[in-house]
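Structural overview
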Amino acid sequence: MTQTKPMIGITLGDATGIGSELVVKSLQNQEILEAATWFLAGDKRVLRQGEEFAGMKLKVTEVESFEEVKHNSGVIYFQDLKNLSPEDYEVGTLSPHSGKMTGETLAFILKLAKEKKIDGVMYAPLNKEALHRGGHHFQDELHYFAELLECKEGFSEINVMDDLWVTRLTSHIPIKDVSKNITREKVEQRIAFAHDTLKKAGIANPKIVVSALNPHAGEGGMIGTEEIDTIIPAIETMKSKGYRVEGPYPADTLFLRLNKDPFDCLLAMYHDQAQTGMKMLGFNRGVTMSGGLPVTLTTPAHGTAFDIAGKGKADPGATNAAFRMVLRMSSDRKVKI
């Protein structure tokens, strides 16, 4: 039986940044293009802006609504939402108006996902401050997506770079609040989340390594007791359930372990424990994925890059990886595309 390739939604990201340029550049890749049917939503003027910055054209088939779209691998359908004029923002400068429209475009795409009309979403970089100042008052984009998809729990961000997956117990919260948010239940839930996400990606028995919170993993309680009271008991519980999990290991040497004792996924306790090491390993290859939601969403792990916006210098490496990851997670074929 012929297998239908996935239908993937795309947004152009915040118009003041490099998103439209990246989408135009990445969709020149024939291997990526042929792997799905694509539905791109946004303002046509922003798309034209991206073409100008990239110095290349993007072949699209314009539609008035999603109902005109057919499963046709290699075709990029485009719906002009006519919601954002370049006259209303300045490239390279934070814009609440652009943030408002970015959020509304994501809501449009996620409504289609909620209705099971698209199988995954790749969204170009957005700006959290612009979203917030534009009226989308959520902790971060992940919680915005969860609200739109009516998902109350079990979701989290996970980052991917090549064969390394990285997730975290806490994310966009102040450092002073990290310790009180570390509970046995959360550690156990996040280990299960990492395991299930990697299995969905085709990794049969993923090895998960857990970071300590305190320096030197707490030195037996001399520099904090979170490891003894919470993290270790959670790891032992999950081991007893058959999960392949180790730790907690000191955060300052976690990424060095990859050379002598490789693992599939790192569970960090807070944002920078995970992100700093991963971005040092390969900033232009990292992908951020919203896991545990009814539909997979991916985006390049870097931001809107205001400093190079409009200059044609944006590297599409991470965007290519984000496209490949959404294809991998939205297809029955558990292989790298």
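Just so it is clear, the structure is predicted and the values come from calculations on it, not from any experiment. Along each chain, the written sequence defines residue order, and numbers are assigned to residues from 1. The predicted origin of the model limits local features to residues at a pLDDT of at least 70 and limits the giving and counting of side-chain atom pairs to 80 or more, whereas totals for whole chains, interfaces and linings rest on all residues. As a rule here, side-chain values come from all non-hydrogen atoms in the structure, and water together with hydrogens is ignored.

**Here's the deal with the domain arrangement of the protein chain**
Domain assignment breaks the protein chain into domain 1 (7–155 + 285–330) and domain 2 (163–278). For domain 1 and domain 2, the distance between their C-alpha centres works out to 30 Å. Contacts between residues were defined by any pair of non-hydrogen atoms, one from each residue, lying within 4.5 Å. Contacts between the two partners involve 14 residues from domain 1 and, on the opposite side, 11 residues from domain 2. Once two parts are put together, the accessible area they lose, assessed with a 1.4 Å probe and summed over both, is termed the buried area. By the criterion of area lost to domain 2, the three top residues of domain 1 are Gln139, Arg328 and Met329, representing 43% of everything that side buries. What counts as a salt bridge is simple: a side-chain nitrogen of Lys or Arg found within 4 Å of a carboxyl oxygen of Asp or Glu. On inspection of domain 1 and its partner domain 2, the count reaches zero salt bridges. Pairing of N or O atoms within 3.5 Å defines a polar contact, subject to two protein rules: one partner must be a possible hydrogen donor and the other a possible acceptor, and residues neighboring in sequence count only if both atoms are side-chain atoms. On inspection of domain 1 and its partner domain 2, the count reaches two residue pairs in polar contact (both at pLDDT 80 or more). Only DSSP runs of H or I covering at least 4 residues are called helices, and only runs of E covering at least 2 are called strands; the numbering of each starts at the N terminus. Where the side of domain 1 that touches domain 2 is concerned, the elements lending two or more residues are strand E11 (287–291) and helix H11 (317–330). Ranked by the residues each element gives to the side of domain 1 that touches domain 2, the list is headed by H11, at three residues. Three classes are used, and their members are as follows: Ala, Val, Leu, Ile, Met, Phe, Trp, Tyr, Cys and Pro are nonpolar, Asp, Glu, Lys and Arg are charged, and the others, Gly among them, are polar. Here the side of domain 1 that touches domain 2 is built from residues that sort into five nonpolar, six polar and three charged. Domain boundaries shown here were taken from an automatic or database domain assignment.

**Topic: the sheet that holds strand E3 (residues 61–63)**
Pairing between strands is defined by DSSP: at least two bridges between them are needed. Strands sit in the order E3-E4-E2-E1-E5-E12-E11-E6-E7-E10-E8-E9 across an open sheet of 12 strands; the sheet is mixed. Each edge of the sheet is formed by a strand with only one pairing partner; in this case those strands are E3 and strand E9 (245–249). Each adjacent strand pair in this sheet contributes to an overall mean axis angle of 25 degrees, direction not counted. Where helices are involved, their axes are fitted lines through C-alpha atoms of the stretch in contact, as for all axes, and angles between N-to-C directions lie from 0 to 180°. Across the sheet, helix H4 (residues 96–114) is in contact with strand E1 (7–11), strand E2 (37–42), strand E4 (76–80), strand E5 (120–123) and strand E12 (296–300); its angle to E2 comes to roughly 145 degrees. Across the sheet, helix H8 (residues 226–240) lies against strand E8 (208–211) and E9, angled at about 170 degrees from E9, the strand it touches most.

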